[in-house]
Each structure stands twice: as C-alpha cells, then as structure tokens.
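So the chains spell out like this:
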Amino acid sequence: TEENLSSYFVCVFSTSLSFMAARVINFGAGPAKLPQEVLETAQKEMLDWHGCGMSVMELSHRGKEFKTIISEAERDLRTLMDIPATHEVLFVQGGGSSQFSVVPLNLATEESTVNYIVTGAWSAKAAAEAKRFVKHVNIVNGDAAGNTDLSKHIEVSPASSYLYYCANETIHGVELSVPDVPSTTVLVADMSSNILSRKVDVTKFGLIFAGAQKNIGCSGVTIVIVRKDLLGAAQRGCPEMMNLRVHADNGSLYNTPPTWSIYIAGLVFKWMIAQGGTEEFERRSASKSSAVYDVIDASQGFYSSPVAAQHRSRMNVPFRIKGGDATLESKFLKLAESRGMQQLAGHRAVGGIRASLYNAISLEETQALVGLLREFHAAHQ
C-alpha cells in the first residue's frame, strides 16, 4: 500500500543516516572506494542538480544541464592529463573489456599485424580478443600468469598497426612504465587501474582507455583518449556502437550515455584538481605503496610478493602469507574485517591477499593496514 511504501522509504533513509559514520576502509580492486567528498556532493545534489529541479539521473542527455556536466568533465580530465587538442576524449559504455574489440576494429585491418605485450590476465584477454578481428597477433613477451621479463628489448615490426599493453595488471600486480619504442609506433594502453595516478605524456599514445571503477569514479563509463588522425578507418564489419569516429562526431552523445557515471567522474576530477592534481596523487601513490612493500620485504619471508621489485604495482599489492598458508591467510582476512578493512582477498584466479591502493585510499588508511600487517606478523611468526 501507499502507506507501507512511505514507511519503507522513511526506514531506508533513517538507516542510511545512522550508518554514515560507520564507513569501512575499502581496499577493493574495483568497483573501488570513492572520495567521501564526492559521495557527499552527489548526496547533496541527488534530488536537485544546481537548482534545475531534477536529479542528474533524470536529465536529458541532450539538455543544457547535462552538456555542462560532460563538457566540464572533459575539460577537467584534459587539465589533469595535459591532453592536447590532437586527441579526442570520449565517454563510452561497455567497460574496459569492450575496448579489447574496439581497438583492433578501429586501428587495424583484418590482414594487419598487431603486437601485444602480455603481462597478466587482462592483456592476455585483449590479445585473444584481437585474434577474432586480425589475422596476425604477435605476443611480444610474457604470459597470462604474469610471467614476463621486460628487461628484454621490445622488437616492434615497422609494419605493425599498433603495440598494445596493459599499464597495470590488477590480478597479478604488475605495473609497466611506458614502453621505449620508436615514435612512429602507434602505442595503445589499457590504463583502467592506474590512470591519474602518475603523469604520462599523452602525445606518445595513439589510444588510451580506462574503465572508470578504479581511479575515475563508479562503474558504467569508459574513457577513451584517441588521436584524431587514427579515426575513420574502422573495419567494414565494425558495429556503429564500436566505431570511435561515430562517438567522436557526436560528442559522446550518439546514444544515451551513462549520465550518472559521467557526473561522478566529473566530481572526482574536480576533487583531484582541488587536492593538487595528478602530480600530488603520484606522490601519494609512491608513499602508500612503499609503506606496504617495506613491511612485506622486511618480514623475512613471512609475507611475500610474487612480482619482481621493478614491476610491482603501486595500485594493487598482491602478497602471500608464509608461502600461501590458507589457514593464516583466512585468519588475516577475518582480523582485517573485524578492524573495518574490507575486500582484501586476492582475486579468485590467484588467491592470497591483495590490497588495492587507488587514489581515494588515504595515507592514513594505508598506515592502518601497515599496522595490522606488523601486528599479525608479530603474533604468528
């Protein structure tokens, strides 16, 4: 009945207020923690965005209100990443995984040769998907288990359409610097999990993409940054919704975009600028990850990292306890949860423990984890 529904919403609202002060430390790999300031702004504007009398979720994507939201989001992202006018910034759907198809469909022909650096599960999936659309997919080095030796020189055929790599593998905790390749190489990067955590020279890339649910915002939108001169050569069988030229020509409004996700991304960009920009978050990322790795390395094998030091991720820190002692790892996770630290279990494909230290995780929250690691080591060494 109407009375019951009214009581339900009053109850839900009251309950949400009572738990506002009981937020946990979310070390999840994605969807991940959002800045509290962003959540509070979204909460404040939920019913009425800037006096228009509507929620962002109710706005027409063709209306002036949403066009303001998306244009400001693009402007602020360009500021954070120094994106030049030579590159389009697109807000699309389908998650990062859809870009595994979008990239070859837009940047290669069926007869092309393309190169993939495989350093873990996500780059392996991207390479496998490329084989559906391109005959010659060359795996430069590495494998899906994260076994890679990037000390070797990367040989790229001058005839290849592009070189693809995943800047940060969330499952295996492998992070790469920008490959040293000739300037004529069309470089493609999946930056879904480390975008905006360090400065990159966008001019070196033909295409960058990133799913939002790590450092950008909530799930639902994917950012694509693509060099304008690469647009317009999609394969004949490329669906319209995967044709980047279509999205560029329509200002990311070819169809109804994920308006709420773009709005949240825009709030995150504004928050980052107010905090000091990408340079500040690069500094914080180095401090947070070093604090955790220092405890691991000082534990004399009690904790162990499976990744070579030069390739360790600043975003996702996977580790084992006593070589993978299931009993101890379970105890650690239960203790962490009792201390308000959530989503520390490793990915189901590899097990163990994984702490994700995205931009919204503070140094103080990281220090809480460091304290727990030391305490647990002292109790079980």
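Residues numbered from 1 in each chain as written. Predicted model: local features only at pLDDT ≥ 70, side-chain atom pairs only at ≥ 80, totals over all residues. Heavy atoms only, no water.

Remarks on the overall build of the protein
Reasoning step 1: Counting its regular elements, the protein contains ten helices and 14 strands.
Reasoning step 2: For a compact globule of 381 residues, the expected C-alpha radius of gyration is about 21 Å, and the protein comes in at 22 Å, within 12% of that figure.
Reasoning step 3: Along the first, second and third principal axes, the C-alpha atoms of the protein reach 60 × 60 × 40 Å.
Reasoning step 4: The buried share of the protein, reckoned over its 381 residues, is 51%.
Reasoning step 5: Pairs at least 24 residues apart make up 67% of the contacts formed inside the protein by residues separated by at least 6 positions.
Reasoning step 6: If you average the places of the 35 positive and of the 38 negative side-chain charges in the protein, the two averages end up 3 Å apart. (Helix = DSSP H or I, 4+ residues; strand = E, 2+ residues; numbered from the N terminus. Rg over C-alpha atoms; globule rule 2.2 N^0.38 Å. Buried < 20%, exposed > 50% of the residue type's maximum accessible area, 1.4 Å probe, protein only. Contact = heavy atoms within 4.5 Å. Lys, Arg positive; Asp, Glu negative; His and termini not counted. Charge placed at Lys NZ, Arg CZ, Asp CG, Glu CD.)

Brief notes about helix 9 (residues 326-338)
Reasoning step 1: Helix length check: helix 9, at 13 residues, gives a terminal C-alpha distance of 18 Å against a target of 18 Å (1.5 Å per residue), a fit within 8%.
Reasoning step 2: Listed as buried for helix 9 are L328, E329, F332 and A336. Considered in projection along helix 9, the buried side chains sweep an arc of 100° and stay on one side of the axis. Turned more than 90 degrees off the buried face of helix 9, the exposed positions are A326, T327, K334 and S338.
Reasoning step 3: For helix 9, the capping residue at the N-terminal end is D325, with a side-chain oxygen 3.0 Å from the backbone nitrogen of T327.
Reasoning step 4: Directly beyond the C-terminal end of helix 9, a positive phi value near 85° is found at G340. (Expected span 1.5 Å × (residues − 1). Arc of directions from axis to C-beta. Polar contact = N/O pair within 3.5 Å; in protein donor to acceptor, adjacent residues only side chain to side chain.)

Thoughts on the layout of surface pockets
Reasoning step 1: Of the pockets and cavities examined, the largest pocket occupies roughly 490 Å³.
Reasoning step 2: Considering the residues around the largest pocket, the lining is formed by 29 residues, among which G30, W122, T170, Q213 and K214 are closest to the centre.
Reasoning step 3: Of all elements in the fold, only helix 4 (95-107), strand 9 (207-211) and strand 14 (353-356) reach the threshold of two or more residues within the lining of the largest pocket.
Reasoning step 4: Broken down by element, the lining of the largest pocket gets its largest block of residues, four residues, from helix 4.
Reasoning step 5: Per-class residue counts for the lining of the largest pocket are nine nonpolar, 17 polar and three charged. (1 Å grid on protein atoms, 1.4 Å probe; cavity = no way out; pocket = protein on both sides within 12 Å on 5 of 7 lines; lining within 4 Å. Points joined across faces, edges and corners; volume = space filled by probe spheres on them. Nonpolar A, V, L, I, M, F, W, Y, C, P; charged D, E, K, R; others polar.)

Remarks on the sheet that holds strand 9
Reasoning step 1: Strand order in the open sheet made by the seven strands is 2-10-9-8-5-3-4, with mixed pairing throughout. The two strands at the open ends of the sheet, each matched to only one other strand, are strand 2 (87-92) and strand 4 (136-139). Going across the sheet, the axis of each strand differs from the next one's by a mean of 15°, ignoring polarity.
Reasoning step 2: Of the strand pairs in this sheet, strand 2 and strand 10 (residues 222-227) are connected by six bridges, and their pairing is antiparallel. Across the sheet, residue E88 finds its bridge partner in strand 10, namely V226.
Reasoning step 3: Contacting strand 2, strand 3 (113-116), strand 5 (163-166), strand 8 (187-190), strand 9 and strand 10, helix 4 runs over the sheet at an angle of about 160° to strand 9. (Pairing = 2+ DSSP bridges. Axes fitted to C-alpha atoms, helices over the stretch in contact; angles between N-to-C directions.)

Observations regarding the packing of aromatic side chains
Reasoning step 1: Counted by the stated rule, this structure contains eleven aromatic pairs.
Reasoning step 2: Cluster of aromatic residues (ring-pair linked, three or more members): F100, Y116, Y162, Y164 and F209. (Phe/Tyr/Trp six-rings, centres within 6.5 Å; stacked < 30°, edge-to-face > 60°.)

Concerning the sheet that holds strand 12 (residues 316-321)
Reasoning step 1: Strand order across the open sheet formed by three strands is 11-12-14, with antiparallel pairing between neighbours. The open sheet has two edge strands with one neighbour each: strand 11 (303-304) and strand 14.
Reasoning step 2: Here strand 12 runs beside strand 14; their pairing, made up of four bridges, is antiparallel. Looking at the pairing, P318 lines up with R354 of strand 14.
Reasoning step 3: Helix-sheet contacts for helix 8 (residues 277-297) involve strand 11 and strand 12, and the interaxial angle to strand 12 is about 20°.

A closer look at empty space enclosed by the protein
Reasoning step 1: Summed over all chains, the structure comprises two cavities of 30 Å³ or more.
Reasoning step 2: Size it by volume and the largest cavity reaches roughly 60 Å³.
Reasoning step 3: Surrounding the largest cavity, K33, L34, P35, K214, N215, I216, G217, V268, W271, M272, N359 and A360 form its lining.
Reasoning step 4: Residue lining of the second largest cavity: F91, V92, Q93, H247, S252, N255, P257 and P258, and that is the complete set.
Reasoning step 5: The residue makeup of the lining of the second largest cavity, split by class, is four nonpolar, four polar and no charged.

Considering unusual backbone geometry
Reasoning step 1: A cis amide bond links G30 with the next residue in sequence, P31, at an omega value of 0°.
Reasoning step 2: For P31, the position within the fold is in the loop between strand 1 (25-26) and helix 2 (36-45).
Reasoning step 3: One non-glycine residue with positive phi stands out, namely Q343, at about 60°.
Reasoning step 4: Judged by its relative accessible area of 47%, Q343 falls in the partly exposed class.

Some thoughts on the environment of K33
Reasoning step 1: Mapping K33 onto the fold places it in the loop between strand 1 and helix 2.
Reasoning step 2: Remark: the alpha-carbon pair of K33 and L231, spanning 198 residues in sequence, is separated by 34 Å.
Reasoning step 3: Setting aside its immediate chain neighbours within four residues, K33 contacts N26, K214, A360, I361 and E365.
Reasoning step 4: In terms of polar contacts, K33 uses its side chain to reach the backbone carbonyl oxygen of A360, at 3.2 Å.

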